Amino acid sequence: MTSNVTAVSYGQNLTDTGLEQLRSILSEHGTAVGAESTAGDSRYQVRITELELPDATEAGLAALRSAVADAAIPGVDTALVPGGLRSASRKLLIMDVDSTLIQQEVIELLAAYAGKRDEVAAVTEAAMRGELDFAQSLHARVAVLAGLPADVVNSVRREVKLSEGAAELVAAFKAAGHPVAVVSGGFNQILEPIAGDLGLDYWQANELEIVDGALTGKVLGAVVDRAAKEKFLREWAAAEGIALEHTIAVGDGANDLDMLGAAGIGVAFNAKPAVRAVADSAVNMPYLDAVRHIAGV
């Protein structure tokens, strides 16, 4: 059998019953099931199944993804990945930062120093659900930081924690010769040391304005919004000579949607419902390194 799609199933408690239900859905849609293998560790399990999909066009793959998602098999998330992506000699991984690469929302950590964390968190949540214009909401949230001493940035840096499996995911891609990028609606002052520690190939975020040792409540230049995230994906893939269909994008909020849609496969990581509904695949557990299994790295 010649596989043109791979089903990558993962979960913290994969069951034979759930996997058998998945096979039934695949068979109902005329998909031939081939070789299977396992991966994962004590945190989560992975089942990799090679498939032959009669209609492997974008529309055919979308229809099968929809059928699998609609089944909502308990404990099983499944990414249906084009064979060309998994077998590509070079791939680009691009990720969001806040609530994806890292566990927190940096703007909320900063706002806590102004006594405005709850107020800012509510705006962030609405923006990530797609209910507010991201650029306008960012300017409004950053405005509450006006007058804070610039050294709060250093304090926030110390509070930031990588998501579980983030360092391992980046290391796996880098070891295999694949470039890794991040693009963020957050701030360069926080992201720069993280990017350096991880050895990221590309990174971009917003720049907080600092004058006379204090935050002004403004950002410099154009805001990194959902359109900018897609733009950077395309620019960096082109710079590396990597086709878009060989890129993997990961994010959690509405401002990631354009990037997720443009990539070869878009992964919603513990994402808002509106993002999960349209992403190609979803990881609904705290381990970011599950993405390496989706990508075949």
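Residues numbered from 1 in each chain as written. Predicted model: local features only at pLDDT ≥ 70, side-chain atom pairs only at ≥ 80, totals over all residues. Heavy atoms only, no water.

Considering helix α6 (residues 134-143)
Within the sequence span of α6, burial applies to Phe 134, Ala 135, Ser 137, Leu 138, Arg 141 and Val 142. Mapping the buried residues of α6 onto a view down its axis gives an arc of 160°, with all of them on the same face. Packed against the buried residues of α6 are α4 (106-112), α5 (117-128), β6 (180-187), β7 (202-211) and β8 (214-220). The opening residue of α6 is Asp 133, an N-cap whose side-chain oxygen sits 3.3 Å from the backbone nitrogen of Ala 135. (Buried < 20%, exposed > 50% of the residue type's maximum accessible area, 1.4 Å probe, protein only. Helix = DSSP H or I, 4+ residues; strand = E, 2+ residues; numbered from the N terminus. Arc of directions from axis to C-beta. Contact = heavy atoms within 4.5 Å. Polar contact = N/O pair within 3.5 Å; in protein donor to acceptor, adjacent residues only side chain to side chain.)

Some remarks on the pairing of strand β9 (residues 247-251)
Within β9, 5 of the 5 residues are buried, leaving the element largely enclosed by the surrounding structure. With 4 bridges connecting them, strand β5 (residues 92-95) and β9 associate as parallel partners. Bridged to Met 95 within β9 is Val 250. Pairing of β9 with strand β10 (residues 265-269), which is carried by 4 bridges, proceeds in the parallel orientation. Directly across from Val 250, in β10, lies its bridge partner Val 267. You can see the chain leave β9, run along helix α11 (residues 257-262) and come back into β10, and the turn it takes is right-handed. (Pairing = 2+ DSSP bridges. Right-handed = clockwise from strand over helix to strand, strands pointing away.)

Let's talk about the environment of Glu 159
Tracing the backbone shows Glu 159 in helix α7 (residues 152-159). Through-space distance from the C-alpha of Glu 159 to that of Ala 249 is 26 Å; in sequence the pair is 90 residues apart. A polar contact of 2.8 Å, which involves the side chain of Glu 159, links it to the side chain of Tyr 113.

With respect to the packing of aromatic side chains
In this description, an aromatic ring pair is defined by two values, namely the gap between the centres and the angle between the planes. All chains considered together, the criterion is met by 3 aromatic pairs. Considering the side-chain rings of Tyr 44 and Tyr 287, the 5.7 Å spacing of their centres and the 25° angle between planes classify their relative orientation as stacked. Linking Tyr 44 in the loop between β2 (32-40) and β3 (45-52) with Tyr 287 in the loop between β11 (281-283) and α13 (290-295), this pair joins segments that are 243 residues apart in sequence. Assessed through its relative accessible area of 1%, Tyr 44 is described here as buried. By the ring-pair criterion, three or more aromatic residues cluster together here, those being Tyr 202, Phe 232 and Trp 236. Directly above the aromatic system of Tyr 287 lies the positively charged group of Arg 43, at a separation of 4.9 Å from the ring centroid. Here Lys 231 stacks its cationic end above the ring of Phe 232, 4.0 Å away from the centre of that ring. (Phe/Tyr/Trp six-rings, centres within 6.5 Å; stacked < 30°, edge-to-face > 60°. Lys NZ or Arg CZ within 6 Å of the ring centre and 35° of its normal.)

Regarding helix α8 (residues 166-175)
For α8, the complete set of buried residues consists of Ala 166, Leu 169, Val 170, Ala 172 and Phe 173. Down the axis, α8 shows its buried residues gathered within 160° of arc, on one side only. Taken together, the buried residues of α8 touch β5, β6, α9 (188-198), β9 and α13. Looking one or two places after α8, you find Gly 177, whose phi comes out positive at around 85°.

Describing unusual backbone geometry
In this model, Ser 99 sits at a positive phi of 65°, which is unusual for a non-glycine residue. Mapping Ser 99 onto the fold places it in the loop between β5 and α4. Using a relative accessible area of 21% as the deciding quantity, one classes Ser 99 as partly exposed. Located in the positive-phi region is Asp 212, a residue other than glycine, with phi close to 55°. A residue is classified by how much of its surface remains accessible, and Asp 212, at 81% relative accessible area, is exposed.

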